[in-house]
Amino acid sequence: MKFLDRMGLRKKRVCPVERAGSLDSRLRRWVQNPRKILGPYIKEGMTVLDFGCGPGYFTIDIAQMVGKSGRVIAADLQEGMLRKLKDKIKETELEERITLHKCEENRIGLLEEVDFVLAFYMVHEIPNQEEFFRAIDSILKQEGMLFLVEPLFHVSKAGFEETIKKARGTGLEPVQRPRILLSKSVILQKSGCGL
């Protein structure tokens, strides 16, 4: 299976490692505070996939929120992003809670079921979104959730609604539309209940 190739991640522009600092700034923390955004959804003991984690902007807070009994899988296509995150957590208690996972060019490469997936500002980079949503659906636990967030000025309203339609076609149903500054967002759940 050529999952990520079919999704076109190698051909699409992903944020380069050289720009990782812009993903992890104080200004961003003020505008998009991970605890405020994720607090209602992340609970102690959960297993969370931070897909497209970059340098770990959300990963560190997620690891603190899931507590010692929880786990975070920080997945990225770029080894350089994972190295930046590894350096941040080295010799901290979070090192035991965070598993770094490099996605392969042809698939996500995860079999472990997760309670929650965060896909923040990255799904628009995937040309074959249906394949992506099928892969996420396959690892979400029953009643598991995907928090999909896209940039307000980069993804049109119609484009975002089309993305949600593709997710629904794979069995993920919208259950909530949280408000996040400068973003379009939706919580999708693996179940028959939705809006």
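Use the structure listed above.
Residues numbered from 1 in each chain as written. Predicted model: local features only at pLDDT ≥ 70, side-chain atom pairs only at ≥ 80, totals over all residues. Heavy atoms only, no water.

**Some words on the nonpolar core**
Counting 29 residues, the largest nonpolar core has Leu38, Ile42, Ile62, Phe116 and Phe147 as the members making the most contacts within it. Breaking this core down by element, the ones donating at least two residues are helix H3 (34-38), helix H4 (59-66), strand E2 (71-76), helix H5 (79-89), strand E4 (114-120) and strand E5 (140-151). Per element, the largest residue contribution to this core is five residues, and it comes from H4. Not counting chain neighbours up to four residues away, the residues in contact with Phe116 comprise Leu38, Tyr41, Ile42, Met46, Thr47, Val48, Leu49, Leu140, Met145 and Phe147. (Core = buried A, V, L, I, M, F, W, Y, C linked by side-chain atoms within 4.5 Å. Buried < 20%, exposed > 50% of the residue type's maximum accessible area, 1.4 Å probe, protein only. Helix = DSSP H or I, 4+ residues; strand = E, 2+ residues; numbered from the N terminus. Contact = heavy atoms within 4.5 Å.)

**Section: the side chain of Asp137**
By the element assignment, Asp137 lies in helix H6 (residues 129-139). We note that Asp137 is buried and unpaired, the nearest opposite charge coming from Lys190 at a distance of 4.2 Å. Setting aside chain neighbours within four positions, we find Asp137 in contact with Thr170, Gly171, Leu172 and Lys190. (Lys, Arg positive; Asp, Glu negative; His and termini not counted. Salt bridge = Lys/Arg side-chain N within 4 Å of Asp/Glu carboxyl O.)

**Focus on the sheet that holds strand E3 (residues 98-102)**
Ordered by their spatial adjacency, seven strands build an open sheet running E3-E2-E1-E4-E5-E7-E6, and the pairing between neighbours is mixed. Bordering the open sheet on either side are E3 and strand E6 (172-176), each of which pairs with just one other strand. Strand-to-strand twist in this sheet, taken as the mean axis angle between neighbours without regard to direction, amounts to 25°. Where E2 lies against E3, five bridges are found, and the strand directions are parallel. The residue bridging Asp76 from the neighbouring strand is Lys102, located in E3. (Pairing = 2+ DSSP bridges. Axes fitted to C-alpha atoms, helices over the stretch in contact; angles between N-to-C directions.)

**Focus: the pattern of salt bridges**
Scanning the entire structure with this criterion turns up seven salt bridges. The partner of Glu112 in a salt bridge is Arg71, with the nearest N and O atoms 2.2 Å apart. Residue Glu112 is found in the loop between E3 and E4, and its partner Arg71 is found in strand E2; the two are separated by 41 residues along the sequence. On the basis of relative accessibility, which here comes to 31%, the residue Glu112 falls in the partly exposed class. Two residues, Glu131 and Arg134, come together in a salt bridge whose shortest N-O distance is 3.2 Å.

**As for the pairing of E5**
Among the twelve residues in E5, nine count as buried, and that is most of the element. Where E4 meets E5, six bridges bridge the pair, whose relative direction is parallel. The partner of Val114 across the bridge, within E5, is Leu140. Alignment of E5 against strand E7 (residues 183-190), held across seven bridges, turns out to be antiparallel. Following the sheet pairing, Phe147 is matched in E7 by Ile187.

**Here's the deal with the environment of Lys157**
With respect to the helices and strands, Lys157 occurs in helix H7 (residues 157-168). Classification of Lys157 by relative accessible area gives exposed; the value is 63%. For the pair Lys157 and Lys184, spaced 27 residues apart in sequence, the C-alpha separation works out to 8.0 Å.

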